[in-house]
Amino acid sequence: MISPLGLRVPKLVLSALSPGGQRGRLSILIFHRVLPTPDPLFPDEVDAARFDELLTWLRHWMNVLPLDEAVRRLKAGSLPPRAAAITFDDGYADNRTIAMPLLQKHKLSAAFFISTGFLDGGRMWNDTIIESVRGTKLDSLACKTAGISPLALGTTEQKRSALTTLINGIKHLPSTQRAEAVAEVAESSAAMLPNDLMMSSAQVRELRDGGMVVGAHTVSHPILARLEFVRAQEEVATSKHVLEALLGEKLGLFAYPNGKLDADYCGEHVGLVKSLGFEAAVSTNWGAAGAGCDLFQLPRFTPWDKDAGRFGLRLASNLRRRYPGA
């Protein structure tokens, strides 16, 4: 339980930094998964109990809005004090099975950005790496395609270290080489890999029908900055069209994969998203959105603290961050 004082102090600070109206600032939080129980390989990943606790704090401190409404009110200069929105990237099945019921319990909404190529049994490349390391019976794994020497896997700590090396070493490879590297790791591991990590099409519809917002996140989650422009255009446009056909409505929101300006997307991709008829797009550049912020590069941030007071104060610190145009 949080003491009344523990809830009140961050709220006072947040109110001063985000007073609403023309001076309002929008804090957009980003998540990916909500696990049923803690994962030894990723002890900092949010699980159900932790997410429930975070939602309790946010409901006390912030005025949490659906992202599409928050964007409209940001543009109009009518944000409430301490405005916030919650977002999820990629389209994991636990977003529907675990996150949505907890959001509904707290009477909150979130926006879910879906990479359409992984619906209905697909698996993201990084999850193939993770599950290969998790499930292998080998004592070490290498990846010649990515120039990675054998990595020890004897302990949980060694597996964590190996995953960091493998994912960082493969992430920014050209798409064909990245696929080859992932296939090499999966084949070498001889592990049984799950095919139910991502949402089904039916679950995406259930999110929308359950009061959540759905947005696009490309087809295959590429680094847009590494693609030829025509390929990037196909990735963004196809994801939008697939989801619009699935839901029977226009999609207004987009999230850049990985989401760091210049490293993952560039100015030409901002123009592309605008040209395709989106109303706003989110990045992973830290900060909070204020009057005059580029609606197609909205910043996002999530405090990592497990103590309520520190979590709230880090939210406040992020409100002070001067994101370009915010």
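A short tour of the structure in this document, coming up. Bear in mind the structure is a predicted one, so any value in this text is a computation, not a measurement. (Residues numbered from 1 in each chain as written. Predicted model: local features only at pLDDT ≥ 70, side-chain atom pairs only at ≥ 80, totals over all residues. Heavy atoms only, no water.)

### What to know about the packing of aromatic side chains
Spelled out, the test is: When two rings of Phe, Tyr or Trp (its six-membered ring) have centres within 6.5 Å they constitute a pair, described as stacked for plane angles under 30 degrees, edge-to-face for angles over 60, and tilted for the intermediate range. Strands here are runs of E lasting at least two residues and helices are runs of H or I lasting at least four, both read from the DSSP assignment and numbered beginning at the N terminus. In this scheme, a residue with accessible area under 20% of its type's maximum is buried, one over 50% is exposed, and one in between is partly exposed, where area comes from a 1.4 Å probe on protein chains only. Working rule: Lys NZ or Arg CZ, within 6 Å of ring centre, within 35 degrees of ring normal, means a charge sits over the ring.
Under the defined criterion, the tally for this structure stands at 13 aromatic pairs. With centroids separated by 6.3 Å and ring planes inclined at 20°, the aromatic side chains of Trp 61 and Phe 311 adopt a geometry described as stacked. A residue pair is termed long-range when its members are at least 10 positions apart, and Trp 61 in helix 2 (residues 48–61) and Phe 311 in helix 11 (residues 308–320) qualify at 250 residues. We note that Trp 61, like Phe 311, is buried. An aromatic cluster of three or more residues is present, and its members are Phe 31, Phe 51, Phe 88 and Phe 112. The aromatic ring of Phe 278 is capped on one face by Lys 240, whose charged end is 5.3 Å from the ring centroid.

### Focus: the pairing of strand 4 (residues 111–114)
Formally: Pairing between two strands requires that DSSP report at least two bridges joining them. Orienting the strands away from the viewer, one traces the path from the first strand over the helix to the second; a clockwise path indicates a right-handed crossover.
Side chains Ala 111 and Phe 113 of strand 4 all project onto a buried face; the interleaved residues Phe 112 and Ile 114 project onto the opposite face, where all are buried too. The sheet contact formed by strand 3 (residues 83–90) and strand 4 spans four bridges and is parallel. The partner of Thr 87 across the bridge, within strand 4, is Ala 111. The β-α-β motif built from strand 3, the intervening helix 4 (residues 93–105) and the parallel element strand 4 has right-handed crossover chirality. Across four bridges, the pairing between strand 4 and strand 7 (residues 213–216) is parallel. Across the sheet, Ile 114 pairs through a bridge with Ala 216, a residue of strand 7.

### Structural notes on the packing of helix 8 (residues 201–209) against helix 9 (residues 229–247)
A pair of packed helices is captured by two measures, namely the crossing angle of their axes and the spacing between those axes. Worth spelling out the cut-off: Only the contacting stretch of a helix is used when fitting its axis, a line to C-alpha atoms as for every element, and angles between N-to-C directions run 0 to 180 degrees. Geometric relationships in this document are graded by angle, where less than 35 degrees denotes roughly parallel, more than 145 denotes roughly antiparallel, 65 to 115 denotes roughly perpendicular, and other angles denote oblique. Residue contacts are counted whenever heavy atoms from the two residues lie within 4.5 Å of one another. Classification used: nonpolar for Ala, Val, Leu, Ile, Met, Phe, Trp, Tyr, Cys and Pro, charged for Asp, Glu, Lys and Arg, polar for all others including Gly.
Two elements in contact, helix 8 and helix 9, have axes separated by 10 Å at closest approach and are oriented at 70°. Classified by the angle between their axes, helix 8 and helix 9 sit roughly perpendicular to one another. Seen from helix 8, the contacting residues are Ser 201, Val 204, Arg 205 and Arg 208; seen from helix 9, they are Leu 243, Leu 246 and Leu 247. The class makeup of the residues in the contact of helix 8 with helix 9 is four nonpolar, one polar and two charged.

### Quick word on the state of the cysteines
The criterion, for reference: Only a pair of cysteine sulfur atoms within 2.5 Å counts as a disulfide in this structure description.
What the rule picks out here adds up to zero disulfides. Distance from the sulfur of Cys 293, which forms no disulfide, to the nearest cysteine sulfur (Cys 266) is 18 Å.

### A closer look at the environment of Arg 73
Position of Arg 73 relative to the elements: it lies in helix 3 (residues 67–76). Under the relative-accessibility criterion, Arg 73 is labelled partly exposed at 28%. The sequence separation of Arg 73 and Gln 297 amounts to 224 residues, and the corresponding C-alpha distance is 16 Å.

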